[in-house]
2 protein chains.
Amino acid sequence: MPDTIEETLSRTVHEQARLSRLAASSLAASSTDQRNRALGSIAVALDQHASRILEANAMDVQQARQSVESGEMSRALLNRLELNATKLRSLCSGIQQLATFPDPLNQVTLATDLDDGLTLSRVTCPIGLVGVIFESRPDALPQIVSLCVKSGNAIILKGGREAEHSNRVLVDVIRDAVAEEGISRDTIVLLESREEVAALLDADAHVDLIIPRGSNALVRHIQEHTRIPVLGHADGVCHVYVDSAGDRDKAVPIIIDSKVQYPAACNAVETLLVHIDVAPLLLPRLEEELVRLDVNIIADSRSMEYLSSANADAAKPDDWGHEFGDLVLAIKTVSTIDEAILHINRYGSRHTDSIVTDNDDAFQRFFAEVDSAGVFRNVSTRFSDGFRYGFGAEVGISTGKLHPRGPVGLDGLVTYKYKMEGNGHVAASYVGPNARPFLHRPVVR
Amino acid sequence: MPDTIEETLSRTVHEQARLSRLAASSLAASSTDQRNRALGSIAVALDQHASRILEANAMDVQQARQSVESGEMSRALLNRLELNATKLRSLCSGIQQLATFPDPLNQVTLATDLDDGLTLSRVTCPIGLVGVIFESRPDALPQIVSLCVKSGNAIILKGGREAEHSNRVLVDVIRDAVAEEGISRDTIVLLESREEVAALLDADAHVDLIIPRGSNALVRHIQEHTRIPVLGHADGVCHVYVDSAGDRDKAVPIIIDSKVQYPAACNAVETLLVHIDVAPLLLPRLEEELVRLDVNIIADSRSMEYLSSANADAAKPDDWGHEFGDLVLAIKTVSTIDEAILHINRYGSRHTDSIVTDNDDAFQRFFAEVDSAGVFRNVSTRFSDGFRYGFGAEVGISTGKLHPRGPVGLDGLVTYKYKMEGNGHVAASYVGPNARPFLHRPVVR
């Protein structure tokens, strides 16, 4: 077992992944108590080593300031990089809260007697070894690691170079903390170089899942360079559709919040679809608000009829489905809810789409036919988030169609295996002319 | 909407996939009753058109007989190809039974009030458009299609060339049957050429999931030639481990059934692991049975001490993890349960592994640490099967680590989307110094 990050780094990534996979097997057999105690131990250690962590973070921040001055880094990124005592305390209380959540492991989700004495059950279990490649925000690291410890998964991390010193100390502190509770240091490993990431993506014999958290380009690069399943999303092209039965008084604040509250977020709205019946009254009022908040408007010709050409540009075909990630909103007027659904399924990224309507049937159709991980009614798209969903935190937001989908908390970090217990039962007894029939009787628990 | 298979074939595969994806959206919004009535309609139609189906099948069988005579096809494959009135009747009753199963769609698996009037729920929904590439057994076609109809998924099928005539008539009859219940013919489409399969694997804009059912080589080829998620398994390397606390009277019939009942099946055992304490008494008795049943034995040096060299060959390193798919059993003696678990996780294919033991703690460790979709106790590995699990049938057996896993019936054919309903709620209210706190209160249903 390695004792310092330097020793760990000196091993090849594959050998480390092999050891981490073995450590994952032991973690899978750990008790609920042991994993919860480890979370408590992490929270205490982060608090005790706060000054060491903040000193390391100050080094990263100092380097980043130079990058901001030379124009290589944005001020927003610098703000996300910076830790302080308040952020650390809030992290610790989040981890302590996670320890009180129900155990996602060993949950029986199906139980059937196939015959007398022959019982099948489906039981949740960890995914195994998870590789997470994430960007500069260092407070994401303890959150992601804590979700993995709670769900019994080992984790290999690669953070951004900007947060190098912060991440190194954080992982050091966390590894010592879990080791105190008898959990192997190999369950939490930090990689530091790009070359190591390439080796990780190639370690499909040991790594069960890759979670990239970063730019669209990073996610696409990873999707194209590994055979390991990738959880997450490249694009976040979210829609708000204001239905003919939509309440304008609700619609305007929902659209503004979806666009303005954090325009760079993946769950911010990019395209607004407006039913032709509500466009004449809604659009002028919305325009006023958008202009006041410095939002650039791009609109199709039908919407243009209700907007001032001084405030709106004509939409080009590739504006639909484009993730602006900025204070830009594309607006399209549609004749029917069918047209809205078709547009969303064609140009959306299966992330989150919201309808503003007071008509239950309209929402029922929208919910059934819009093929996205989040399909909302009368609320902002910005609620699509693991913390807001009540998952404590999230390791990512998945737009994949197989489980997990949407913000991924503990439930998304476990899979299941089938358990069968019998007493010498053989399949041959249930085959042929004298076959015993199966009972297939649900087990009452 | 196309009316004949010929017209369908004349369209390009991508255009068909686009139409089938649209049909999938409508099917997702269909009622439980409509989908169950469609299943009833399929069962009636297969019965009514039995003679037409059997005539087409007779043409395939006639061609196949020539291939058997010229040595191009095995007799076992010919038997699997042949339909008869009894097989058809059993198919129809299976489909009628499926109609009585609970609807896997629109099940609420999580419901939380985030705030007063702001409710989040997670609701099961279809995966979308599924591509299935399967081998010669034509009775698999109505089973797979029925599972897809019940679970609201559209399906594009490609069967083996040996079953060309049978599959064409089956799909024709089934499409007419679902159309009678108002379900679009585009939800069920048959491809007939290899070129069309290549186009299907490339249609990742429309196809949500590929399910290959066939040889290891076919599955590997497909995995390497598509960006669409692939459900299934290439190898089936299953183990039986007889623990130190294993009952020999149970062990022998379990091993024999796991190996002999259908040696070509993916859930047949390939390697037997025996604890050193039970080897001296178990192995000679097992040898007698294996020899009587013409099973070839391959054994490591420790096992050889208890076997006659006339009946067993020395194991080579690449015999571990090899799928013999035949009457061949590799045997290895281990010193501890840890050694057995390590061997299975290293050489197994995460399919199904069974322990023979009367010790509860041993099974608890084996279940927690063996990383396979099925982890059994005191039963044959051959039970790993959708029909035997009580799923009615299966579209495949998944060794993937994300959902679904194991035999895939209705549960594995649905995913979920998050529903959020509010009344104009915006994210900004829950942020900043005067942030409203979230309730995160479970909804009692």
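Rules used in this analysis
Think of each chain on its own: its residues are numbered from 1, step by step along the sequence as written. Chain letters and ligand numbers both follow the written order, the letters beginning at A and the numbers at 1. Whole-chain, interface and lining totals are the exception, using all residues; otherwise, since this is a predicted model, local features are given only for residues with pLDDT of at least 70 and side-chain atom pairs are given and counted only at 80 or more. The side-chain numbers reported here are obtained from all heavy atoms of the structure, hydrogens and water having been left aside. Per the convention used, a helix needs a DSSP run of H or I reaching at least four residues, while a strand needs a run of E reaching at least two, with both numbered from the N terminus. Throughout, exposure labels follow a simple rule: accessible area from a 1.4 Å probe, protein chains only, divided by the maximum for the residue type, with under 20% read as buried, over 50% as exposed, and the rest as partly exposed. By the convention used here, residues are in contact when the closest approach between their heavy atoms is within 4.5 Å. By the counting rule applied here, Lys and Arg register as positive and Asp and Glu as negative, while His and the ends of each chain are not counted. The location of each charge is read from NZ of Lys, CZ of Arg, CG of Asp or CD of Glu. Here a polar contact means two N or O atoms within 3.5 Å. Within protein one must be a hydrogen donor candidate and the other an acceptor candidate, and residues neighboring in sequence count only if both atoms are side-chain atoms. Once two parts are joined, some of their accessible surface, as seen by a 1.4 Å probe, is lost; buried area is that loss totalled over both. A pairing counts as a salt bridge when a side-chain nitrogen of Lys or Arg comes within 4 Å of a carboxyl oxygen of Asp or Glu. Overlaid copies result from least-squares superposition on C-alpha atoms, with residues included only where pLDDT is at least 70 in both. By definition here, a helix of n residues has an expected span of 1.5 Å times n minus one. Arc definition: directions from the helix axis to the C-beta atoms. Ring pairs shown here join Phe, Tyr and Trp side chains whose ring centres sit within 6.5 Å, with only the six-membered ring taken for Trp; geometry is labelled stacked below 30 degrees between planes, edge-to-face above 60, and tilted in between. Each pair of strands is called paired provided DSSP finds at least two bridges between the two strands. Seen with the strands pointing away from the viewer, any crossover whose path from the first strand over the helix to the second strand runs clockwise is right-handed. Throughout, an axis means a line fitted to C-alpha atoms (over the contacting stretch in the case of helices), and angles, computed between N-to-C directions, take values from 0 to 180 degrees. For any helix crossing, the convention is left-handed if the near helix is rotated counterclockwise from the far helix by under a right angle, and right-handed if that rotation is clockwise. Each residue receives one of three labels: charged for Asp, Glu, Lys and Arg, nonpolar for Ala, Val, Leu, Ile, Met, Phe, Trp, Tyr, Cys and Pro, and polar for the others, Gly being one of them. The pLDDT score gives, residue by residue, the confidence of the prediction method on a 0 to 100 scale.

**Some words on the overall build of chain A**
For chain A, the count of helices and strands is 16 helices and 17 strands. Each principal axis of the C-alpha atoms in chain A carries an extent, and together these give about 75 × 75 × 35 Å. Within chain A, buried positions represent 58% of all 445 residues. Considering only contacts in chain A between residues 6 or more positions apart, those separated by 24 or more positions represent 72%. Charged side chains in chain A number 44 positive and 61 negative. The centres of these two groups are separated by 4 Å.

**Things to note about helix α15 (residues 360-369) of chain A**
Listing the buried residues of α15(A) in full gives Ala362(A), Phe363(A), Phe366(A), Phe367(A) and Glu369(A). In this structure Asn359(A) caps α15(A), since a side-chain oxygen of it lies 2.8 Å from the backbone nitrogen of Asp361(A).

**Section: the interface of chain A and chain B**
Counting from both sides, the interface comprises 74 residues of chain A and, opposite them, 74 residues of chain B. Summed over both partners, the interface of chain A with chain B comes to about 6300 Å²; 60% of that surface belongs to carbon and sulfur atoms. One salt bridge connects Glu421(B) with Arg377(A), and the closest N-O pair in it is separated by 3.4 Å. On the surface where chain A and chain B come into contact, there are 34 residue pairs in polar contact (both at pLDDT 80 or more).

**Observations concerning the relation of the copies chain A and chain B**
When chain A is fitted to chain B, the residual RMSD is 0.0 Å, and the transformation amounts to a turn of 180° plus an axial shift of 0.0 Å. Taken together, the rotation angle and the small translation identify this as a two-fold axis. The rotation axis passes nearest to the C-alpha of His403(A) in chain A, at a distance of 2.5 Å. A share of 100% of interface residues in chain A that are also interface residues in chain B marks the association as one of identical surfaces.

**Re helix α12 (residues 279-292) of chain B**
Residue and element names in this part refer to chain B. In this model α12 runs 19 Å from its N-terminal to its C-terminal C-alpha over 14 residues, within 8% of the 20 Å that 1.5 Å per residue would give. Of all the residues in α12, the buried ones are Ala 279, Leu 282, Leu 283, Leu 286, Glu 287 and Leu 290. Along the long axis of α12, the arc covered by the buried residues comes to 130°, so they all point the same way. Turned more than 90 degrees from where α12 packs its buried face, Leu 281, Glu 288 and Arg 292 sit exposed. Taken together, the buried residues of α12 touch β7 (238-242), α11 (248-260), β8 (269-275), β9 (296-299), α13 (301-304) and β11 (328-334). Positive backbone phi, approximately 65°, marks Asp 294, located one or two places after α12.

**Focus on the side chain of Glu323(B)**
Residues and elements named next belong to chain B. Secondary-structure assignment places Glu 323 in the loop between β10 (312-314) and β11. There is no salt bridge for the buried Glu 323, and the closest opposite charge comes from Arg 220, which lies 6.9 Å off by N-O distance. Of note is the side chain of Glu 323, whose polar atom sits 3.0 Å from the backbone nitrogen of Gly 236. Beyond its immediate sequence surroundings of up to four residues, Glu 323 is in contact with Asn 216, Ala 234, Asp 235, Gly 236, Val 237, Cys 266 and Glu 270.

**Brief notes about the packing of aromatic side chains**
Residue and element names in this part refer to chain A. Tallied over the entire structure, the rule returns 14 aromatic pairs over all chains. Relative to Phe 366, the ring of Tyr 241 has its centre 6.2 Å away and its plane inclined at 25°; by these criteria the two rings are stacked. Note that Tyr 241 is positioned in strand β7 (residues 238-242) and Phe 366 in helix α15, a separation of 125 residues in sequence. Comparing Tyr 241 with Phe 366 shows no difference in burial state: the two are buried.

**What about the environment of Val197(A)?**
Residue and element names in this part refer to chain A. Among the structural elements, Val 197 can be located in helix α9 (residues 194-201). When the C-alpha atoms of Val 197 and Val 13 are compared, they prove to be 8.6 Å apart, with 184 residues separating the residues in sequence. Those residues in contact with Val 197, other than ones at most four positions away along the chain, are Ile 133, Lys 158 and Leu 191.

**Notes on the pairing of strand β5 (residues 188-191) of chain A**
All names here are of chain A. Burial along β5 is two-sided: the residues Ile 188 and Leu 190 and Val 189 and Leu 191 are all buried. As paired elements, strand β4 (residues 154-158) and β5 share 4 bridges and run parallel to each other. Bridged to Ile 155 within β5 is Ile 188. What joins β4 to β5 is helix α8 (residues 164-180), and the crossover it makes is right-handed.

**Describing the sheet that holds strand β5 (residues 188-191) of chain B**
Residue and element names in this part refer to chain B. Taking strand neighbours across the sheet as the criterion, the 4 strands line up as β5-β4-β3-β6 in an open arrangement whose pairing is parallel. Each having just a single partner strand, β5 and β6 (209-213) make up the two edges of the open sheet. Sheet twist, expressed as the average angle between the axes of neighbouring strands with direction ignored, equals 20°. Where strand β3 (residues 129-134) meets β6, 5 bridges bridge the pair, whose relative direction is parallel. Bridging across to β6, Phe 134 finds its partner in Arg 213. The strands touched by helix α8 (residues 164-180) are β3, β4 (154-158) and β5; relative to β5, the strand with the most contacts, the crossing angle is about 165°.

**Re unusual backbone geometry**
With a phi close to 60°, Asn378(A) is a non-glycine residue in the positive phi region. Residue position: Asn378(A) is located in strand β13 (residues 374-379). For His440(B), which is not glycine, the phi dihedral falls at a positive 50°.

**Concerning the packing of helix α7 (residues 140-150) of chain B against α8(B)**
Residue and element names in this part refer to chain B. Running from N to C, α7 and α8 point in directions that differ by 35°, and their axes come no closer than 10 Å. When the axes of α7 and α8 are compared, the crossing they make is right-handed. Two secondary-structure elements touch here, α7 through Leu 141, Pro 142 and Val 145 and α8 through Asn 167, Leu 170, Val 171 and Ile 174. Of the residues assigned to the contact of α7 with α8, the class counts are 6 nonpolar, 1 polar and no charged.

**Some details on the pattern of salt bridges**
One pass over the full model with this rule turns up 62 salt bridges over all chains. Asp360(A) serves as the salt-bridge partner of Arg377(A), at 2.7 Å between the closest nitrogen and oxygen. Pair noted here: Arg377(A) is in strand β13 and Asp360(A) is in helix α15, with a separation of 17 residues, a long-range link. Taking relative accessible area as the criterion, Arg377(A) reaches 10% and is therefore assigned buried. Within this structure, Arg21(A), Asp208(A), Arg350(B), Asp371(B) and Lys401(B) form a network of salt bridges that share partners.

**As for the confidence of the model for chain A**
On average, residues of chain A carry a pLDDT of 91, and 97% of them reach 70 or more. For this predicted complex, the interface confidence reaches an ipTM of 0.89, while the overall pTM sits at 0.90.

**Observations concerning the sheet that holds strand β16 (residues 414-425) of chain A**
With respect to topology, 11 strands assemble into an open sheet ordered β17(A)-β1(A)-β2(A)-β16(A)-β13(B)-β12(B)-β7(B)-β8(B)-β11(B)-β9(B)-β10(B), the strand pairing being mixed. Every interior strand has two partners, whereas the edge strands, β17 (441-442) of chain A together with β10 of chain B, have only one. With 6 bridges connecting them, strand β1 (residues 108-115) of chain A and strand β2 (residues 118-126) of chain A associate as antiparallel partners. Residue pairing across strands places Val108(A) opposite Val123(A), the latter belonging to β2(A). Packing of α11(B) onto the sheet brings it into contact with β16 of chain A together with β7, β8, β11, β12 (352-356) and β13 (374-379) of chain B, and relative to β8(B) it is tilted by some 160°.

**Quick look at the environment of Thr32(A)**
All names here are of chain A. Its location among the elements puts Thr 32 in helix α3 (residues 32-48). Its relative accessible area of 33% is what places Thr 32 among the partly exposed residues. Separated by 222 residues in the primary sequence, Thr 32 and Ile 254 have C-alpha atoms spaced 41 Å apart.

**Considerations on the pairing of strand β9 (residues 296-299) of chain A**
Residues and elements named next belong to chain A. Bridge analysis of β9 against strand β11 (residues 328-334) gives 4 bridges, and the strand direction is parallel. Its bridge partner lying in β11, Ile 297 is registered against Leu 329. Relative to strand β10 (residues 312-314), β9 runs parallel, the two being bridged by 3 bridges. Its bridge partner lying in β10, Ala 299 is registered against Ala 314.

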